[in-house]
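If you want the building blocks of each chain, they are given just below.
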Amino acid sequence: MDTTTEGTPTGRAPDADSGADVVRFLRERREGIVAEAVASMGRAHLPHYRTAGDVARKVSALFDLLVGCLAERDLGPMVAYSRRVADERYEAGFDLSEVQRAFNVLEESTWRAILDAIDPQDFATTIGLVTTVLGAGKDALAREYVSAATKTHAPSLNLTRLFDGTEGV
């Protein structure tokens with residue numbers, strides 16, 4: 001963790017709302033974030049993710065896609081990738097939880113890097129940007145996987161009713 005002499009986190013994204021500093025921050029910490037996510041995948045002992053090189057390649061590609069979507073402010077590539085992966089992994093006999101694990105460990109590793117180095121006042125924006133991109137990917141992945149499994153179209157879920165009464169939270 002980068003800290004000042006007082007122990008306060010440094011590396012603040014001066015204009016986190018623009019997203020450009022978030023992209024730069026993630027690119028600078030790519031190696032550590034990806035390594036942590038790959039290690040987490042290895043500890044999970046997932047049956048279809050056996051080789052470390054394959055896991056590292058897939059997690060690296062997902063990280064690069066995350067950063068690319070943030071840089072371009074475009075969720076389309078993440079959604080398209082997630083749909084393709086869902087179809088491929090379903091056909092190969094992967095369990096949905098195995099495939100989602102890669103998204104989850106990358107998100108957790110990215111959050112840790114953010115919480116260790118970003119000014120707390122920028123947590124919501126920075127984590128929100130990362131979570132928006134990965135969340136869109138996880139949603140598309142799950143919908144496409146379920147569609148493949150049931151041979152029907154699974155529409156996007158409207159979960160807004162779950163959040164009634166949360167204004168101002």
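Residues numbered from 1 in each chain as written. Predicted model: local features only at pLDDT ≥ 70, side-chain atom pairs only at ≥ 80, totals over all residues. Heavy atoms only, no water.

**Looking at the overall build of the chain**
Along the chain, the regular secondary structure elements total six helices and zero strands. Across the chain, helices and strands are ordered from the amino to the carboxyl terminus as α-α-α-α-α-α. Looking at the 169 residues of the chain, the share that counts as buried comes to 40%. Intrachain contacts of the chain at a sequence separation of at least 6 include 73% that bridge at least 24 residues. Accessible surface, the chain as shown: approximately 9,400 Å² in total, 54% of it carbon and sulfur. (Helix = DSSP H or I, 4+ residues; strand = E, 2+ residues; numbered from the N terminus. Buried < 20%, exposed > 50% of the residue type's maximum accessible area, 1.4 Å probe, protein only. Contact = heavy atoms within 4.5 Å. Areas by Shrake-Rupley, 256 points an atom, 1.4 Å probe, with all protein chains shown as cover.)

**Focus: the side chain of Glu107**
Counting through the fold element by element, Glu107 comes out in helix H5 (residues 96-117). Reaching out from Glu107, the side chain makes a polar contact with the side chain of Thr131 at a distance of 3.4 Å. Other than its neighbours up to four places away in sequence, Glu107 contacts Thr131, Leu134 and Lys138. (Polar contact = N/O pair within 3.5 Å; in protein donor to acceptor, adjacent residues only side chain to side chain.)

**Considering the environment of Ala140**
Secondary-structure assignment places Ala140 in helix H6 (residues 123-150). Residues Ala140 and Val85, spaced 55 residues apart in sequence, show a C-alpha to C-alpha distance of 9.9 Å. Residues contacting Ala140, with those up to four places away along its chain left out, are Val79, Ser82 and Arg83.

**A few points about unusual backbone geometry**
Excluding glycine, residues mostly carry a negative phi; peptide bonds, for their part, are mostly trans. Backbone geometry at Arg73 places phi at a positive 55°, although glycine is not the residue there. Looking at the secondary structure, you find Arg73 in the loop between helix H3 (52-72) and helix H4 (76-91). Residue Arg73 is classed as partly exposed on the basis of its relative accessible area, which comes to 49%.

**Describing the packing of H5 against H6**
The contact between H5 and H6 brings their axes to 10 Å, and the two run at 175°. For the element pair H5 / H6, the angle class is roughly antiparallel. Two secondary-structure elements touch here, H5 through Leu96, Val99, Gln100, Phe103, Asn104, Leu106, Glu107, Thr110, Trp111, Ile114 and Leu115 and H6 through Phe123, Thr126, Ile127, Val130, Thr131, Leu134, Gly137, Lys138, Leu141, Ala142 and Tyr145. In terms of residue class, the contact of H5 with H6 is made up of 14 nonpolar, six polar and two charged. (Axes fitted to C-alpha atoms, helices over the stretch in contact; angles between N-to-C directions. Parallel < 35°, antiparallel > 145°, perpendicular 65-115°, else oblique. Nonpolar A, V, L, I, M, F, W, Y, C, P; charged D, E, K, R; others polar.)

**Looking at the environment of Trp111**
Within the element layout of this structure, Trp111 appears in helix H5. For the pair Trp111 and Val130, spaced 19 residues apart in sequence, the C-alpha to C-alpha distance is 8.3 Å. If we ignore the near neighbours within four places in the chain, the residues touching Trp111 are Ile127 and Thr131.

**Quick look at the environment of Phe103**
Mapped onto the elements of the fold, Phe103 is located in helix H5. Separated by 41 residues in sequence, Phe103 and Leu62 place their C-alpha atoms 7.7 Å apart. Beyond its immediate sequence surroundings of up to four residues, Phe103 is in contact with Leu62, Met78, Tyr81, Ser82, Leu134, Gly137, Lys138 and Leu141.

**Side note on the packing of aromatic side chains**
Inspection of the entire model under this criterion finds one aromatic pair. Taken together, a centroid distance of 5.3 Å and an interplanar angle of 85° make the contact between Tyr90 and Tyr145 edge-to-face. In this pair, Tyr90 sits in helix H4 while Tyr145 sits in helix H6, placing the two residues 55 residues apart along the sequence. It is Arg89 that lies over the ring of Phe94; its NZ or CZ is 5.6 Å from the centre. (Phe/Tyr/Trp six-rings, centres within 6.5 Å; stacked < 30°, edge-to-face > 60°. Lys NZ or Arg CZ within 6 Å of the ring centre and 35° of its normal.)

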